[in-house]
Structures are given as structure tokens and as C-alpha cells.
Amino acid sequence: MTDCGCSSHSHALKSVEEAQAFLLAHARPVAETERVAIEEALGRVLAAPIVSRIEVPPWDNSAMDGYAVRISDLQGEKPHLKVTQRIPAGGWGRELEPGSAARIFTGAPLPPGADAVVIQEICTRQGDEVIVNERPKPGANIRRAGEDIRAGSAILEAGVRLQPQHLGLIASVGVPEVAVYRRLKVALFATGDELALPGVPLGPGQIYNSNLFTLGGLLQALGCEVINLGAVKDSFGETCDALTRGAAEADLVMASGGVSVGEEDHVKPAVERLGSLDLWKIAIRPGKPLAFGHIGETPFLGAPGNPVSLFVTFCLFGRPFILKRQGLREGLLPMPLTARAAFAWPKADKRREFARARLELGADGLAQVNLYPSRSSGVLSSVVWANGLAVIPENQTLQPGDPVQFLPFSELLR
């Protein structure tokens, strides 16, 4: 049994920062790695540095279409030079003869002897000669060998979550495959006798199980391997069975609902029977309750059953915990933007509000934040309307035009 280090009986509200710091301190990255081709590495976390064996670019080359010249040959007001060779990208020129120019194209290797490229827009071509109408500076329009990457340098460090630009950088140094941490396996289930799967007719008192699909989608967006345990009835035995199976098959078990203290809330006593649990109340709205513990050695995260509360708590707490377990070393917490409020918040709240919001341009062309009209944590359509969360600090009021922090979904859903 693992001691989480905090009391499940404490009635004090934890701050967002306290809960995030605690979870990150207990997030142990997976150790196993695998090698994958770079075309299969998008979204994976790099497990070893990428060191370039070559220089990029590998030789001095032209940054523009134009003419490679020697500065010393550009005498007089508008010097004429004979064009003696043509060097396209993928070609290779010979040494530039004194008094001559080479027609050259973007990316083509600079011929030996040339020390500048004159762009074609300031040249006039006359037969086999070119007239240089403006004298360039030495080194003009030349990309030097190794200007981007030096041989032997680390272009990416371990712990980076690979994005398209990273794949391009890796390919640019000729590396065909990379070492990445294996995918994190997450077992999930939703609790409740009232839950039915889409496509099944609803019985009396039933609702469709949206949490299972919201949570599964959030995990897939992070690149997790999802083990869907489905809906679990409000039964202590079935809950213990689901937790035991999830802990045996996965690196993390997640559940929505059932972590309160009601007679039909069986997740809390089941986790405590199988391992250890801390049930927190966090000073946020929506999504105050959050559970963290262990089933044997397997971590457990329990989110609220209300769909918006589930969404918000996953973004704020589940996401950074999972990212660190995947091997990510930086950028674990979302980076807020600041814009102006297009709403009034006249009554201060003791809890920090993460309001469903939309960042858009106002009539004056400046960014502003609008709020969804309902604060209900059961209105899942609000997170479809929104493109982020407005962060309204505890004990604070706001007037239209005041600065407000905004967490875009682009920061929270990947």
C-alpha cells in the first residue's frame, strides 16, 4: 500500500497549485522505450537526445535565385559579367573564373571563388552577360555551411513531445528513426446504474454515458493506449473487480464518479480496500472533488461525475500528471494568455473559476473573452461552444475591459 502523504479526512480546500504540485511529485515516468520510424513518431516523447552527424546546410549555398559573383569583379557603376555556368539546386558548379558570374538558384551550392549572390531582381540579363545594377555586400544572400546545425550538436533533448517541426528537424540531419518512451496504458471506467451506451434505448431514469467517451477522447489526444472497462454498476464488488483488472493491465486507472461519500458511491471504499486513497476538495469551480491514490503500485485518479467537472479537472490535473508519466520534462502545465474581459463578474467567489469561454475578436479588432451564459457543470454543450477556459481568480471581481487570463483548448487538449 502506498502512502500518498496527505490526509483524506482534511476539510481544507487545496489550491490548484498545491494539487498540481502533489500530483507531479508522484508522477513517475515509464521506463520502457522503443524505436520507431520518424513518420510514426508524431506525439511521442523522445527518450534519447538526437545528435547530428552532419552540418546543415552541408555547404555554402544560395539563399535566393540570382547570380553568384566575386565582389572584386564588380568595378564601375554597373559592371557587366559574363555568365559562364548555370547551377540549379541539386547541381554542383565549378570554380568561378575572374570576371564571370554563375546563374544560381535557391539552395544550390555556391561555386568556389564566389563571395556574394546578387538577386535576379537587381540584375539585367543581356545575352550571355549580366549587368549588376546594385553592388551587394560581401556574403550577401549566402547560407553558410553549418549555419543551422553543427555536426556533433544535440538538436533535440530527451523529454520532448515530438511535433511536426521536430520530425522535420530530425529528418534534416538524416536520422530515420528515434527512441521514444512507450505509450502510457490507461484503464478507464464510468460508474452508475443510470448509464447506457449510445445506440441502446434509454430505460427509466437512464442517461447516455458521455463521460466514457469524453475521457477516452482526452486520453487518446495525449497519445495514451486506452483500456476501456466500460460502465460499472453501483456495486462494491463490481467496482473492486474493475479496479483490480485496470491495475493489472494499465499504468494508470481513471474513473468518473463514485468518489463521494454517498451510499451508492463505491469507488472510494473500493480503492481504500485495494490500496490507498486521498480524496481532496480543491478550491475551483467547476470540479471541486478529486481523488488520487494507488491500487497496489498502480496510480488511480478519480474525477467528478458531472461532465464539465470531469473535463476541467482532467485538463488541470490529469493532463499534467499523464504528460510527466509519458516522459515529458517541460511544458507540463498549460500556458495562459491574457486578453480583455467582455463580461462583468460582479460577485467575488472564494473558489477560482475556470469558466467556459470563447476568445474572439471584438469590433475594434482586439482580442476579448466572452463567457458561456450558464455555470452549470452538467451542460456539456458549453465546452463545445467554448474554445478555452477563462481563469477568474478567487476573491476577485471583474468589469468589462479588465485583463483576464485565458487557457485555450489548444493548450489543454494535446
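Preceding block: the structure.
Computed from a predicted structure; not experimentally measured. (Residues numbered from 1 in each chain as written. Predicted model: local features only at pLDDT ≥ 70, side-chain atom pairs only at ≥ 80, totals over all residues. Heavy atoms only, no water.)

I'm lost on the overall build of the chain in this one. Help?
Counting secondary structure elements, the chain contains 8 helices and 26 strands. The C-alpha radius of gyration computed for the chain amounts to 30 Å, which surpasses the reference 22 Å derived for 414 residues by more than 25%, pointing to a less compact arrangement than a globule. With the C-alpha coordinates aligned to their principal axes, the bounding extent of the chain is approximately 95 × 50 × 45 Å. Residues classed as buried in the chain amount to 49% of the 414 residues present. Look at the contacts in the chain between residues 6 or more apart in sequence, and 70% of them connect residues 24 or more apart. Computing the positive centroid from 41 side-chain charges and the negative centroid from 45, the chain places the two 2 Å apart. (Helix = DSSP H or I, 4+ residues; strand = E, 2+ residues; numbered from the N terminus. Rg over C-alpha atoms; globule rule 2.2 N^0.38 Å. Buried < 20%, exposed > 50% of the residue type's maximum accessible area, 1.4 Å probe, protein only. Contact = heavy atoms within 4.5 Å. Lys, Arg positive; Asp, Glu negative; His and termini not counted. Charge placed at Lys NZ, Arg CZ, Asp CG, Glu CD.)

I'm lost on the environment of P299 in this one. Help?
Its location among the elements puts P299 in strand β21 (residues 298-303). Those residues in contact with P299, other than ones at most four positions away along the chain, are D251, L252, V253, F292, G293, H294, F321 and R325.

Where do I start with empty space enclosed by the protein in this structure?
Where empty space is left becomes clear once a probe the size of a water molecule has been rolled over the atoms. For the structure shown, the criterion picks out 2 cavities of 30 Å³ or more. Size it by volume and the largest cavity reaches roughly 70 Å³. Lining the largest cavity are G43, R44, V45, Y181, R182, R183, L184, L222, G223 and Q326. Of the residues that constitute the lining of the largest cavity, the class distribution is 4 nonpolar, 3 polar and 3 charged. Of the volumes computed, that of the second largest cavity is approximately 30 Å³. Of all elements in the fold, only β21 and α6 (307-325) reach the threshold of two or more residues within the lining of the second largest cavity. (1 Å grid on protein atoms, 1.4 Å probe; cavity = no way out; pocket = protein on both sides within 12 Å on 5 of 7 lines; lining within 4 Å. Points joined across faces, edges and corners; volume = space filled by probe spheres on them. Nonpolar A, V, L, I, M, F, W, Y, C, P; charged D, E, K, R; others polar.)

Any chance you could explain the pattern of salt bridges here in plain terms?
Pairing between side chains of opposite charge can happen when their charged atoms approach one another. Under the counting rule described, the total for this entry stands at 16 salt bridges. Here E34 ties to R44 by a salt bridge, and the two come within 2.5 Å at their closest N and O atoms. Of the two residues, E34 sits in strand β1 (residues 33-37) while R44 sits in the loop between β1 and β2 (50-51), which places them 10 residues apart along the sequence. Taken together, the shared-partner salt bridges in this structure form one network comprising R285, D349, E353 and R375. (Salt bridge = Lys/Arg side-chain N within 4 Å of Asp/Glu carboxyl O.)

I would appreciate a short explanation of the pairing of strand β4 (residues 66-69) in the present structure.
Consecutive side chains along a regular strand alternate between the two faces of the sheet. By the bridge criterion, 3 bridges tie β4 to strand β6 (residues 100-104) in an arrangement that is antiparallel. Residue pairing across strands places Y67 opposite R103, the latter belonging to β6. Here β4 runs beside strand β7 (residues 116-119); their pairing, made up of 4 bridges, is antiparallel. Its bridge partner lying in β7, G66 is registered against I119. (Pairing = 2+ DSSP bridges.)

Even after reading the chapter, I still don't get α6, so can you show me in this structure?
In an α-helix, one turn spans 3.6 residues; hence positions three or four apart end up facing the same way. Of all the bends in α6, the largest measures some 45 degrees and sits at F314. Most of α6 is tucked away: 18 of the 19 residues are buried. Just downstream of α6 lies G327, where phi reads positive at about 105 degrees. (Bend = angle between axes of the 7 residues up to and from the residue.)

What am I meant to see in the packing of helix α3 (residues 210-221) against α6 here?
For any two helices packed against each other, one specifies the crossing angle of their axes together with the interaxial distance. In contact at an axis separation of 11 Å, α3 and α6 are set at 25 degrees when each is read in the N-to-C sense. Classed by the angle they form, the pair α3 and α6 counts as roughly parallel. The chirality of how α3 crosses α6 is right-handed. Together, S210, N211, T214, L215, L218 and L219 of α3 and P307, L310, F311, F314 and I322 of α6 make up the contact between the two elements. Counted by class, the contact of α3 with α6 contains 8 nonpolar, 3 polar and no charged residues. (Axes fitted to C-alpha atoms, helices over the stretch in contact; angles between N-to-C directions. Parallel < 35°, antiparallel > 145°, perpendicular 65-115°, else oblique. Left-handed = near helix turned anticlockwise from the far one by under 90°.)

Sorry if this is basic, but what is going on with the nonpolar core here?
Looking at soluble globular proteins, one finds that nonpolar side chains tend to be buried together. Grouped together as the largest cluster of nonpolar side chains are 52 residues, with contacts concentrated most on L219, M254, F317, I322 and F354. The greatest single-element share of this core, amounting to 11 residues, is contributed by α6. Excluding anything up to four places from it in sequence, M254 contacts V186, A187, L188, F189, L215, L219, L301, F314 and I322. In this structure, A270, V271, L279 and I295 belong to the second largest nonpolar core, which totals 20 residues. (Core = buried A, V, L, I, M, F, W, Y, C linked by side-chain atoms within 4.5 Å.)

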